[in-house]
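Next come the chains, spelled out residue by residue.
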Amino acid sequence: MVYHLIQTEKAARLFEGWQETMIWSCLKGVMGNIYTDSLENPSSAMALLGDFCFFAGAPDKELIFYAESAGRDFLILVPKDDGWAAFIESCYLKRAKKTVRYALKKEPDIFHRESLQAAADGLDAAYTMKMMDEELFWRCRQSEWCRDWTAQYDSYALYQKYGLGAVILKDGEPVSGASSYSGYPGGIEIEIDTRKDYRRKGLAYRCGAKLILECLKRGWYPAWDAQNLWSLGLAEKLGYHFEREYTAYEVLFGV
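This text gives an overview of the structure that appears in the document. All figures in this text were calculated on a predicted structure; none of them were measured in a lab.

**A few points about unusual backbone geometry**
- Phi at L93 takes a positive value of approximately 50 degrees, unusual for a residue other than glycine.
- Considering the arrangement of structural elements, one finds L93 in the loop between α3 (82-92) and β6 (96-104).
- Given a relative accessible area of 60%, L93 falls into the exposed group.
- The phi dihedral of R200 falls on the positive side, at around 65 degrees, and the residue is not glycine.

Printed below as a string of structure tokens:
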């Protein structure tokens, strides 16, 4: 059986030591859900938030297959260890595309504020930068390319409490932005996107710098997880340090 765990603290020990903010969001009940093999004494657990699914504890095929019932066309499955990885591969076979992602160190005092401020202030006059407000919150989630800036927040009120974003506009239209994919008490997980026709102009760097500065003003940690080497390079340019590579599986459902 698979159970939706409301008393999430009962699964906390299974995720112990995993420095992943989306798991923290689930465990703190801010957003996302925890699923386990038992309500009272779980030995296996799954944290599901947005497109991400994290597996910890004893490998359990029933939990892995349960991910398919989340109603998503696509999920990124992240195993805590090789046992979970083997189960994911055996459950989804060729549908599970094995990928490498890049974890960045979580170092609260590494950022060079003057350099970040110079980057944020160096935006070309043809553009404007705004912090995410309610009008942008709803407008962005209606656009496929930037919906992940706000999609995990059920309301603007929740975003105001646990989210933050900097958006670059051209002629009043969002063309690049850095926002919180998810939030937890004390920080956010950064999501950066630039519209295809405005890439390679340094916009992601500038709005990323602005978002980090605003997080630091609030005493929040701006966590970053790199999907690819481009994202890793941008993160390092903004001051982060590489920690390790890790394995994840991209799975398309209904194919």
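**With respect to the pairing of strand β2 (residues 33-36)**
- By the bridge criterion, three bridges tie strand β1 (residues 3-5) to β2 in an arrangement that is antiparallel. For H4, the partnering residue across the bridge sits in β2 and is Y35.

**Observations regarding the nonpolar core**
- Within the largest apolar cluster, 38 residues are counted, with the highest numbers of intra-cluster contacts made by I190, I212, W224, L238 and Y240.
- Of all the elements in the fold, those that place two or more residues in this core are β6, α4 (113-121), β8 (165-170), β9 (173-184), β10 (187-194), α7 (203-218), β11 (221-223) and α8 (229-238).
- The leading source of residues in this core is α7, at ten residues.
- Setting aside chain neighbours within four positions, we find L238 in contact with F111, L116, Y205, G208, A209, I212 and W224.
- In this structure, F15, I23, A45 and V167 belong to the second largest nonpolar core, which totals 37 residues.

**Examining the sheet that holds strand β7 (residues 128-131)**
- As summarised here, the arrangement of the five strands in space is β7-β8-β9-β10-β11, forming an open sheet in which the pairing is mixed. The two strands at the open ends of the sheet, each matched to only one other strand, are β7 and β11. Each neighbouring strand pair of the sheet contributes to a mean axis angle of 30 degrees, computed without reference to strand direction.

**A closer look at the state of the cysteines**
- Applying the stated criterion across every chain yields a total of zero disulfides.
- This cysteine, C91, is not joined by any disulfide, and C53 carries the nearest cysteine sulfur, 12 Å off.
- On the basis of relative accessibility, which here comes to 10%, the residue C91 falls in the buried class.

**Observations regarding α8**
- Along α8, the positions that sit buried rather than exposed are S231, L232, L234, A235 and L238. One side of α8 holds all its buried residues, which, seen down the axis, span an arc of 165 degrees. With respect to the buried face of α8, the exposed residues turned more than 90 degrees away are L229, W230 and K237.
- Between the side-chain oxygen at the start of α8 and the backbone nitrogen of W230 there is a gap of 3.2 Å, and the oxygen is on N228.
- Count one or two residues on from α8 and you reach G239, which has phi positive near 120 degrees.

**Quick word on the packing of α7 against α8**
- Running from N to C, α7 and α8 cross one another at 50 degrees; their axes reach a closest spacing of 10 Å. Between α7 and α8, the angle is such that the two are oblique. Note that α7 runs across α8; the crossing there is right-handed. Where α7 approaches α8, its residues A204, Y205, G208, A209 and I212 are matched on the opposing element by W230, L234, K237 and L238.
- Along the lines of polarity and charge, the residues of the contact of α7 with α8 split into seven nonpolar, one polar and one charged.

**What about the packing of aromatic side chains?**
- One pass over the full model with this rule turns up 20 aromatic pairs.
- Ring geometry for F137 versus W138: centroids 4.8 Å apart, planes at 90 degrees, classification edge-to-face.
- Put simply, the rings of F15, W18, F52, F54 and Y181 touch in pairs and so form one group of aromatic residues.
- Above the ring of F87, the side-chain terminus of K61 is found at 5.3 Å from the ring centroid.

Scoring rules and cut-offs
- Residues numbered from 1 in each chain as written.
- Predicted model: local features only at pLDDT ≥ 70, side-chain atom pairs only at ≥ 80, totals over all residues.
- Heavy atoms only, no water.
- Helix = DSSP H or I, 4+ residues; strand = E, 2+ residues; numbered from the N terminus.
- Buried < 20%, exposed > 50% of the residue type's maximum accessible area, 1.4 Å probe, protein only.
- Pairing = 2+ DSSP bridges.
- Core = buried A, V, L, I, M, F, W, Y, C linked by side-chain atoms within 4.5 Å.
- Contact = heavy atoms within 4.5 Å.
- Axes fitted to C-alpha atoms, helices over the stretch in contact; angles between N-to-C directions.
- Disulfide = S-S within 2.5 Å.
- Arc of directions from axis to C-beta.
- Polar contact = N/O pair within 3.5 Å; in protein donor to acceptor, adjacent residues only side chain to side chain.
- Parallel < 35°, antiparallel > 145°, perpendicular 65-115°, else oblique.
- Left-handed = near helix turned anticlockwise from the far one by under 90°.
- Nonpolar A, V, L, I, M, F, W, Y, C, P; charged D, E, K, R; others polar.
- Phe/Tyr/Trp six-rings, centres within 6.5 Å; stacked < 30°, edge-to-face > 60°.
- Lys NZ or Arg CZ within 6 Å of the ring centre and 35° of its normal.

Without other data, these values stay purely geometric and don't point to any function.
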